[in-house]
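# Understanding the architecture of this molecule
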Amino acid sequence: MIVAQRSSSIPLMIAALQGQVSPHSAPASPRCPLGRAPSVGYVDGQHPRYTHYVMSATPYAPTTRQQTTPPRRRTTGTHYFLEEDRLGLGGSCDVYCGVEKDSGKRHALKVLRRDRLASKDELLGEARTLRQLSCSKIVKLIALEVEESSGLPVVVMEYCNGGSLLTHLQQPENARGIDDREFLLLFSDMVEAISYLRSKGFVHRDIKPGNILRHVVPSGKVEYKLSDFGTSRTAAENEETHSIVGTEEYLHPVLYKHAFFGEVNLLTPVE
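A brief structural summary. (Residues numbered from 1 in each chain as written. Predicted model: local features only at pLDDT ≥ 70, side-chain atom pairs only at ≥ 80, totals over all residues. Heavy atoms only, no water.)

### Some remarks on the overall build of the protein chain
Of regular secondary structure, the protein chain possesses 5 helices and 13 strands. Here the protein chain, with 271 residues, has 35% of them falling under the buried criterion. Residue pairs in contact within the protein chain that sit at least 24 positions apart in sequence constitute 55% of those at least 6 positions apart. Summed over all atoms, the accessible surface of the protein chain reaches about 17500 Å², with 52% contributed by carbon and sulfur. (Helix = DSSP H or I, 4+ residues; strand = E, 2+ residues; numbered from the N terminus. Buried < 20%, exposed > 50% of the residue type's maximum accessible area, 1.4 Å probe, protein only. Contact = heavy atoms within 4.5 Å. Areas by Shrake-Rupley, 256 points an atom, 1.4 Å probe, with all protein chains shown as cover.)

### Some details on the environment of Ser232
Inspection of the secondary structure puts Ser232 in the loop between strand 12 (222-226) and strand 13 (233-234). Looking at Ser232, the relative accessible area reads 13%, which means it is buried. Separated by 28 residues in sequence, Ser232 and His204 have C-alpha atoms that sit 4.3 Å apart. One polar contact links the side chain of Ser232 to the main-chain carbonyl oxygen of Phe229, over a distance of 2.8 Å. (Polar contact = N/O pair within 3.5 Å; in protein donor to acceptor, adjacent residues only side chain to side chain.)

### Quick notes on the packing of aromatic side chains
Aromatic ring pairs are defined here through the distance separating the ring centres and the angle between the ring planes. By the definition in use, this model includes 2 aromatic pairs. Ring geometry for Phe81 versus Tyr96: centroids 4.8 Å apart, planes at 35 degrees, classification tilted. Of this pair, Phe81 sits in strand 4 (residues 79-82) while Tyr96 is found in strand 6 (residues 93-100), placing the two residues 15 residues apart along the sequence. Note on accessibility: Phe81 and Tyr96 belong to one class, buried. Over the ring of Tyr80 we find Arg73; its NZ or CZ atom is 3.8 Å from the centre of that ring. (Phe/Tyr/Trp six-rings, centres within 6.5 Å; stacked < 30°, edge-to-face > 60°. Lys NZ or Arg CZ within 6 Å of the ring centre and 35° of its normal.)

### Observations regarding the environment of Arg113
With respect to the secondary-structure elements, Arg113 resides in the loop between strand 7 (106-112) and helix 2 (120-131). Engagement of the side chain of Arg113 in a polar contact is seen with the backbone oxygen of Gly90, the distance being 2.9 Å.

### Quick notes on the side chain of His79
Looking at where His79 falls in the secondary structure, it is placed in strand 4. On the basis of relative accessible area, His79 is assigned to the buried category, the value being 1%. Within polar-contact distance, the side chain of His79 engages the side chain of Thr78 at 2.8 Å. Leave out the neighbours within four places in its chain, and His79 touches Arg74, Val99, Glu100, Lys101, His107, Leu109, Glu145 and Val156.

Here it is, written out as structure tokens:
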């Protein structure tokens, strides 16, 4: 180690006259990039007036600002989105907040995951279904595109800025549920959406809080919209279906008992 000494000008001159130190022969400092220590002199540490500083022998290395990796930018023909702008995670797709390149408008981009390629037909089917629907209480299809880097299909839909009903219910202020006024609004919007679907010959088959989106318009009014038509299908007015589709926690009790316990015959009328 090197012991550095600091002194006032008078003791330094006295030490120099006595031959103890040369103010012009300071050795290079391991911490000084210019090769000379900023202190006025170095001695062997024997002079009682000097304050001693222990300096590291580690070679000087200038500090560099840490480089951060920029977020990955993904693109389609008309949109771009960032990995950090993911809105939600589904069973086979991720949903991102994307930006239209020409207009700057925000849209929701539903992108198929690489490990769920078997669900490609389901995503394309959702796009075909949405293309046939036009209701203010159902999310609107903007376009069907392809991600440029991976070739995976991307469903572009209208962006709802209020998140899902599920995330809304998870807020601390809604721990005991939403107020009556908002509940009636939710109920009315969903009745309108489901009635419209039936008029077009569709059944959704997976209605749950995570598939109901909230949108707040500039005036502050809240609208609820039905989304995620991956498991929807057409059904005639008197057609009977026996497939069990949907999310386990939200199945009708009769369907749940039949699916997991085999206790109920689906052909038995429900009281």
